[in-house]
Amino acid sequence: MRSFVLSLIGIFVPIFVLKQGFSILELIYFYTFYYSFNVLTVIISLKLFEKLGYPKMFVLSSFFYFLFFSLFPNVHSLPELMGIGIFCSLAVSFFWIPFNILFAKAKEDKLKVACKQNVTGIIATALAPLVGGILATMLPNYILFYFSAFTFILAPLALFKHERIKHRRDGKKISITLEKIKRYRIFVYEGFLKISTFIAWPLFIYFLFSSISVVGLVKTLTNLVIVILSVKIVHWVKGSKERLLDFSNKLYSSTLFLRPLAFTYFLAFTVSLLIGFGTTIFNIAYNAFFYEKLSKKCRLSFFLLGSSF
Amino acid sequence: MPTEFLFIRELLLSLGRIIALSLFGILMYFKVDPILALTVLLILGSISAYYLKEIRDI
């Protein structure tokens, strides 16, 4: 459900905003405001998560998605669009913070966790643009919009079952130093990559072919490769995580480098196939490392808390 | 601490996103063709992807 929704965010939200009559510059203003506000909502989310735990956070996330999508069709000016961006930012932050901690706490080998997450998640991801692409071809835009909204609202609730996992208060104050920012600078690269993948890539295809259906079909093809490869890859990744990361990173960045060549339908679909290969292996390796780091920090936090009692 | 780690991560993710959007915005402001502006973003995105392998060292 999460991946299904993520796929819809990646493909359709920038296009919905453009179809609503906003210009591309207004779209950029919207996203810039949205990501700036995100820093504040992350603090709110972290504080609330310590008090409320997983289920209530997922319900709150759904609630804010509901507000965002209820108001979206009535938005016709930039200040209004930025205003409802606040609800979207709250919904996203309230979902991602608990979600990441949830996966970091899994007791299995993190490579297996990342692998399973990819296999189950990507099947849903493949369905989203396929269904969205077909609907976009056959149905009016507003049907596609409400269909997307419905899945956005339901997605956080799909994780509601994790009620038994209790989160303990961290207690430490957040301190940000230049040294820490330098140490974690790769997340700046990741942020840049996310815009390139989730906003620039669908817009690039949309502007080239002037069709939302082609965007959906290109994404579907990528994801179908990912699904097929993900099922197989579970058996391949028993070796070293470091080697997997090295190999997959080169493959991933080189396949992404081919995206500007998608000038014809044939090239667009070929590039999508290659991106599918690159993305699958790299996502698994990258997430395995990320969950491992986060897991270590969770354990350290609990150890310090335990020793202070 | 997980809270601090997650916060710094989200902060830097947002910073990266804002840099990308600002670059796109600047290119659009100077009337660069949208396809060309998006191409710049796609190429820089693939270069960013290469540096993500540093995740093992943090």
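Residues numbered from 1 in each chain as written. Chains lettered and ligands numbered in written order. Predicted model: local features only at pLDDT ≥ 70, side-chain atom pairs only at ≥ 80, totals over all residues.

Engineer: An account of the overall build of chain A is requested, with residue identities and associated values reported.
Structural biologist: Along chain A, the regular secondary structure elements total eleven helices and zero strands. Across chain A, helices and strands are ordered from the amino to the carboxyl terminus as α-α-α-α-α-α-α-α-α-α-α. Counting across all 309 residues of chain A, residues that qualify as buried make up 47%. Partitioning the contacts of chain A with sequence separation of at least 6, the portion at a separation of at least 24 is 84%. (Helix = DSSP H or I, 4+ residues; strand = E, 2+ residues; numbered from the N terminus. Buried ≥ 20, exposed ≤ 12 C-beta atoms within 10 Å, placed from the backbone. Contact = placed C-beta atoms within 7 Å.)

Engineer: Please give an account of the overall build of chain B that cites residues and values.
Structural biologist: Across its full length, chain B holds two helices and zero strands. Scaling as 2.2 N^0.38, a compact globule of 58 residues should have a C-alpha radius of gyration of about 10 Å, whereas chain B reaches 14 Å, well beyond that. Taken along its principal axes, the extent of the C-alpha atoms in chain B is 45 × 20 × 10 Å. Counting across all 58 residues of chain B, residues that qualify as buried make up 48%. (Rg over C-alpha atoms; globule rule 2.2 N^0.38 Å.)

Engineer: Talk me through helix α2 (residues 24-52) of chain A; I want residue IDs and the actual numbers.
Structural biologist: The principal kink in α2 of chain A, of about 35°, is found at Val39 of chain A. Backbone geometry just downstream of α2 of chain A places Gly53 of chain A in the positive-phi region, at approximately 80°. (Bend = angle between axes of the 7 residues up to and from the residue.)

Engineer: Tell me about the interface of chain A and chain B, and please be specific about residues and values.
Structural biologist: Accessible area lost on assembly of the parts is the figure often given for the size of an interface. Listed as interface residues are 60 residues of chain A and, on the opposing side, 45 residues of chain B. When residues of the side of chain A that touches chain B are traced back to their parent elements, those giving at least two are α2, α4 (78-104), α7 (178-183), α8 (186-209), α10 (241-256) and α11 (265-308) of chain A. No other element matches α8 of chain A, which puts 18 residues into the side of chain A that touches chain B. For the side of chain A that touches chain B, the per-class residue count stands at 38 nonpolar, ten polar and twelve charged. (Nonpolar A, V, L, I, M, F, W, Y, C, P; charged D, E, K, R; others polar.)

Engineer: Mind laying out unusual backbone geometry, listing which residues take part and the relevant values?
Structural biologist: Residue and element names in this part refer to chain B. A positive phi is found at Lys31, a non-glycine position, where the angle reads about 60°. By the secondary structure assignment, Lys31 is in the loop between α1 (2-29) and α2 (34-51). By the C-beta count within 10 Å, which is 7 here, Lys31 ends up exposed.

Engineer: How would you explain the environment of Ser48 of chain B if you had to name every residue and give the values?
Structural biologist: Within the secondary structure, Ser48 of chain B sits in helix α2. Along the backbone, Ser48 of chain B and Ile35 of chain B are 13 residues apart, and their C-alpha atoms lie at a distance of 20 Å. Each residue touching Ser48 of chain B, except ones within four places of it in the same chain, is listed here: Tyr189, Phe192 and Leu193 of chain A.

Engineer: Describe the confidence of the model for chain B, naming the residues involved and giving the relevant values.
Structural biologist: Predicted confidence across chain B gives a mean pLDDT of 88, with 98% of residues reaching 70 or more. Reported confidence for the predicted complex is 0.95 by ipTM and 0.80 by pTM. (pLDDT = per-residue confidence, 0-100.)

Engineer: Outline the packing of α10 of chain A against α2 of chain B, listing residues and values.
Structural biologist: The interhelical angle for the contact between α10 of chain A and α2 of chain B, taken along N-to-C directions, is 175°, at an axis separation of 8 Å. Judged on the interaxial angle alone, α2 of chain B and α10 of chain A are roughly antiparallel. Note on element contacts: α2 of chain B touches α10 of chain A through Gly45, Ser46, Ala49 and Tyr50 of chain B, opposite Asn249, Tyr252, Ser253 and Leu256 of chain A. A per-class count over the contact of α10 of chain A with α2 of chain B returns four nonpolar, four polar and no charged. (Axes fitted to C-alpha atoms, helices over the stretch in contact; angles between N-to-C directions. Parallel < 35°, antiparallel > 145°, perpendicular 65-115°, else oblique.)

Engineer: I'd like to hear about the packing of α8 of chain A against α2 of chain B, residue by residue, with values.
Structural biologist: A pair of packed helices is captured by two measures, namely the crossing angle of their axes and the spacing between those axes. Look at α8 of chain A against α2 of chain B: their axes get within 8 Å of each other, and the N-to-C directions meet at 145°. The two elements α8 of chain A and α2 of chain B meet at a crossing, and its hand is left-handed. When grouped by side-chain class, the residues that make up the contact of α8 of chain A with α2 of chain B number 19 nonpolar, four polar and no charged. (Left-handed = near helix turned anticlockwise from the far one by under 90°.)

Engineer: Can you break down the environment of Ser213 of chain A residue by residue, with the values?
Structural biologist: Following the sequence through the fold, Ser213 of chain A ends up in helix α9 (residues 212-236). For the pair Ser213 of chain A and Lys112 of chain A, spaced 101 residues apart in sequence, the C-alpha separation works out to 34 Å.

Engineer: So what's going on with the confidence of the model for chain A? Residues and values would help.
Structural biologist: All names here are of chain A. Summary statistics for chain A give a mean pLDDT of 75 and a share of 71% for residues scoring 70 or more. For chain A, per-element mean pLDDT is lowest for helix α6 (residues 141-157), which scores 60, and highest for α8, which scores 88. Low pLDDT (under 50) marks residues 305-309, which in the prediction has two contacts with non-local residues, meaning those over four places away or in another chain.

Engineer: I'd love a proper account of the environment of Pro34 of chain B, names of residues and values included.
Structural biologist: Among the secondary structure elements, Pro34 of chain B is positioned in helix α2. C-alpha of Pro34 of chain B to C-alpha of Glu10 of chain B: the two residues are 24 residues apart in sequence and 28 Å apart in space.

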